[in-house]
Amino acid sequence: MAGEVRQNSLLRPADLETRVIGKSVPRKEGREKVTGRARYVDDLSFPGMLHGVTVRSPAARGRIRAVHFEGDVPWHEFTVVTAKDIPGKNCIALLIEDQPCLAAEFVSHPEEAVVLLAHHDKYLLEEARRSVRIEIEPLPGLFSIEDSLARKEIIWGQDNIFKSFYVEKGDVDSAWAGAEFVVEGTYETGAQEQLYIEPQGMIAQVNGAEGVTVWGSLQCPHYVHKALMILFGLPRERIRVVQAETGGGFGGKEEYPSMIAAHAALLARKSGRPVKIIYDRAEDMVATTKRHPSRTRHVTAVSRDGKLLAMDIDFTVDGGAYETLSPVVLSRGTIHAAGPYACANVRIRSRAVATNAPPHGAFRGFGAPQSVFALERHLDRVAEAVGIAPEELRRRNFICEGQTLAVGQVVKEKVDMNALLGRAFELSGYHAKRKQFAAENSDARGAIKKGIGFASFLHGAGFTGSGEEYLASEVAMEAMADGSVHILAGSTEMGQGTNTIFAQIAAEALRLDCEQIRIVQPDTAHVPNSGPTVASRTAMIVGKLVETAATNLLKTLRDSGFLREGYSAADFSRACAEYITEHRVLKSFVKYEHPRDLHWDDQKYSGDAYGAYAWAVYVAEVSVDMRTAEVRVNDFVAVQEVGRVINPVLAAGQIEGGVAQGIGFALYENVVWQEGRMVNAQMTNYVMPTSVDLPVIRVCFEEIPYGRGPAGAKGIGELPLDGTAPAIANAIAHATGVDVRAIPVTAETLLEMLEAVHA
Amino acid sequence: MPERARKIRVSCVLNGSASSFEAHPMARLLDVLREDLKLTGTKEGCGEGECGACSIEMDGVLVNSCLVPALQAQGAKIRTIEGVAIGESLHAVQQAFIAHGGAQCGICTPGMILAALNLLARHPEPDDAQIREGLSGNLCRCTGYMKIFESVVAAVRRAETGA
């Protein structure tokens, strides 16, 4: 029943002579987590601490006329904060500074923060929150991609467009005439809630001596740090951000924690007391970010024998009311839109548009799950039009080493999509089942129809293009006199295994055991900026810095003459002690250097978009109850090449968890909108997969070591979100003949489609 | 502002020891555990009995402590995550969760471990369906549950072999 993990290693014997790399070392902070001792933000408490709440806009768009403090509430006991109390700039600084911390004159989306309240009594605080009435003169809002593009109102900039991209390879327009088939289609994906089980929260303390300190549930301490500097107008050293144990993030704790930290800090500043803000589930769901809804239009020219001659792709995401991270989400979605295929002529036009919904934001996959869904569903339809099997279409177009991706990147890695496809089909019994199901499904009386489908895809690791160069991440490592080695990095542990793999990478390079490596809690006062913990970059990019820091540390010890070849752990400790006695400190410091052979042109949007890609083929088997239109995933095979696997249990856990989220994205997770507001903001009616909903998820890693990754590793975290939903949609189409164009495919939507097919 | 009910004294057996506390009768047992008794291992995920992060055992029954009024704890035998390990010695289920990747972010883990213990008390050798059913009230967003199932199976195997 449990997911089986296979490793089909292409590693050389020398690669396997490792001490801890490739071994399922137990999770570094596992003991604290299984005993309940791990301290999450809501488990922390400070003397004299107040609780804080946020009063939010009841309207989607409008002018704030007045704020009324009503009811039988002892208002004099409350700390009340509005935009007027902001000492610096009223914004949550991210890429730009368009999102206010507290709305002052206008509101641009439902649940936008307007007033903050603090009090020591949580229950009274709730009464008070309900007694604040925000009077708004409503303005018409935009609630769909179509209305935003039609410019029914102008709600952002000149044209409602946060960002657009244009990618061109070859000459698309010259290809139509010579095409045997031209296949068109429009595909949509819905919003998805990250639904980390720990709701968002922060504690802030502000005083004259130290400035602003916040502790919280977050992925990116230095994002919060930057936002607070600008909000308070304070220098770098007067802001301190500490990550508490974080109960899941998935992108949802990438940008939004800056908002909560800002709110808690404003209340703390005004009250002179520590203030804790913990969102309850409804507030977390209704007010914080979600995956961008998307719409993709494909027009594809194909030859008689199934060669892709031209791909014309138009990709739009709904960014919500403020820009936040939409340009970057759009970028990743755009670059992934043409998939792992070699096509001579590709044009991708894309844009992120404004609507009056809370800003959509980072969610594992970051734009790629949206555009990959469209492409992989579309290619099954292209194969059908050509009259060949869907796998045959892929095989005839898979990209190989030396060929060029849509953005003009020549693939220099060893890549064998055919082998991954073959492995995935073998493990899933694809061919036999495809035949068997087709035969069984032809019996019209059958109440259950079965189908099997797949998706093939790639996912770039690290920041896009010149992003890593701009980030210029840093890592430090310090050895102590007792021989323990401390890793100082801004990368956060949120369940994905940062602590453990960093320890493994350092232990391997230093030839020590993982127990000797300590991970310093991310705290901007003590750790360097290693960049955000996002974009499948932690293992590959920051992990490499950890490896280099360890190598440098070792070199220092060797060069000093304190450590000889073939040392033991005791020798290492002794050498550290001797070195520190003589030189006081044994520390190494590493900064990212961009490989010279990676080039990216931000203007033309072309070049080496990512240092490395993970490659994958996923196969889903479903059954559809034709009476209730309920879909079950019966089997799932996930085959991928992610470079060297550092920790098989953790890596498989990443894939299994990502596939589960992908199954939710495909079938269950339906955000219901009403004028920009999520109306099903509860776990009761926003449904994520439970233990009885999921199939056995079978994970297989092919390993081709990546020269620039630590011990050969590439990124892995986001990959499984890309291919899961389209594999399921293709399986549903196979089972029922319904041409699935949008997800989630809930029973309600499928029932309508089935009725239309059989009408 | 309505007058709130007066606090009552509640006595129970908590993690094997006699315990008593004062609370409003309708206060959530979750809040009493976390705030008054400082047992913060029990987590809040949704506050409406959907996610199971606040699972505890009351008289051998797995309950969502966010839905239990404090007065119901009167006379009950309660077990929270803090009562699972004996001193520094972890329970076999806790050990299995560490060894087999059953915990990722860890926020569902205390509730999940109590659900697993409750399941094993009812079905010492559960089959696949019983494991899935037994844990279905506890949501995990990280693992896709596979490694949690493996952890439970491994704990059973451990109990059988005495390893």
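Computed from a predicted structure; not experimentally measured. (Residues numbered from 1 in each chain as written. Chains lettered and ligands numbered in written order. Predicted model: local features only at pLDDT ≥ 70, side-chain atom pairs only at ≥ 80, totals over all residues.)

Novice: Go over helix 11 (residues 417-428) of chain A, please, and point to the residues and values.
Specialist: Residue and element names in this part refer to chain A. Between the first and last C-alpha of helix 11 there are 16 Å, a value that for twelve residues agrees with the 16 Å anticipated at 1.5 Å per step. Where helix 11 is concerned, the buried positions are Met417, Leu420, Leu421, Arg423, Ala424, Phe425 and Ser428. Gly429 lies just past helix 11 and shows a positive phi near 65°. (Helix = DSSP H or I, 4+ residues; strand = E, 2+ residues; numbered from the N terminus. Expected span 1.5 Å × (residues − 1). Buried ≥ 20, exposed ≤ 12 C-beta atoms within 10 Å, placed from the backbone.)

Novice: Let's hear about the sheet that holds strand 11 (residues 211-216) of chain A: which residues, and what values?
Specialist: Residue and element names in this part refer to chain A. The mixed open sheet is built from seven strands, whose spatial order is 4-6-2-13-10-11-12. Edge positions in the open sheet fall to strand 4 (79-81) and strand 12 (239-243), since each of these has one partner strand only. Between one strand axis and the next, the sheet turns through 20° on average, direction left out of account. Alignment of strand 4 against strand 6 (residues 113-119), held across three bridges, turns out to be antiparallel. Residue pairing in the sheet places Val80 in a bridge with Leu117 of strand 6. With respect to the sheet, helix 3 (residues 122-130) is in contact with strand 2 (50-56) and strand 6, its orientation differing from that of strand 6 by roughly 150°. (Pairing = 2+ DSSP bridges. Axes fitted to C-alpha atoms, helices over the stretch in contact; angles between N-to-C directions. Contact = placed C-beta atoms within 7 Å.)

Novice: Explain helix 2 (residues 92-99) of chain B residue by residue, including any values.
Specialist: Of all eight residues making up helix 2 of chain B, six are buried, and the element is well covered by its neighbours. For helix 2 of chain B, every residue scored as buried is listed here: Val93, Gln94, Gln95, Ala96, Phe97 and Ile98 of chain B. Its buried side turned inward, helix 2 of chain B meets helix 2 (30-35) of chain A together with helix 3 (109-122) and helix 5 (146-161) of chain B. Gly101 of chain B sits one or two positions beyond helix 2 of chain B and adopts a positive phi of about 75°.

Novice: Could you give me a rundown of the domain arrangement of chain A, with the residues and numbers involved?
Specialist: Size of an interface, as often reported, equals the accessible area lost when the parts are brought together. All names here are of chain A. For chain A, the assigned domains are domain 1 (1-13 + 416-463 + 611-759), domain 2 (42-140 + 194-287) and domain 3 (467-591). With centres defined by C-alpha atoms, the gap from domain 2 to domain 3 works out at 35 Å. At the junction of the two partners, domain 2 supplies 17 residues and domain 3 supplies 13 residues. Going through the elements one at a time, helix 5 (221-232) and strand 12 are the ones with two or more residues in the side of domain 2 that touches domain 3. Residue composition of the side of domain 2 that touches domain 3, grouped by class: six nonpolar, eight polar and three charged. (Domains from an automatic or database assignment. Nonpolar A, V, L, I, M, F, W, Y, C, P; charged D, E, K, R; others polar.)

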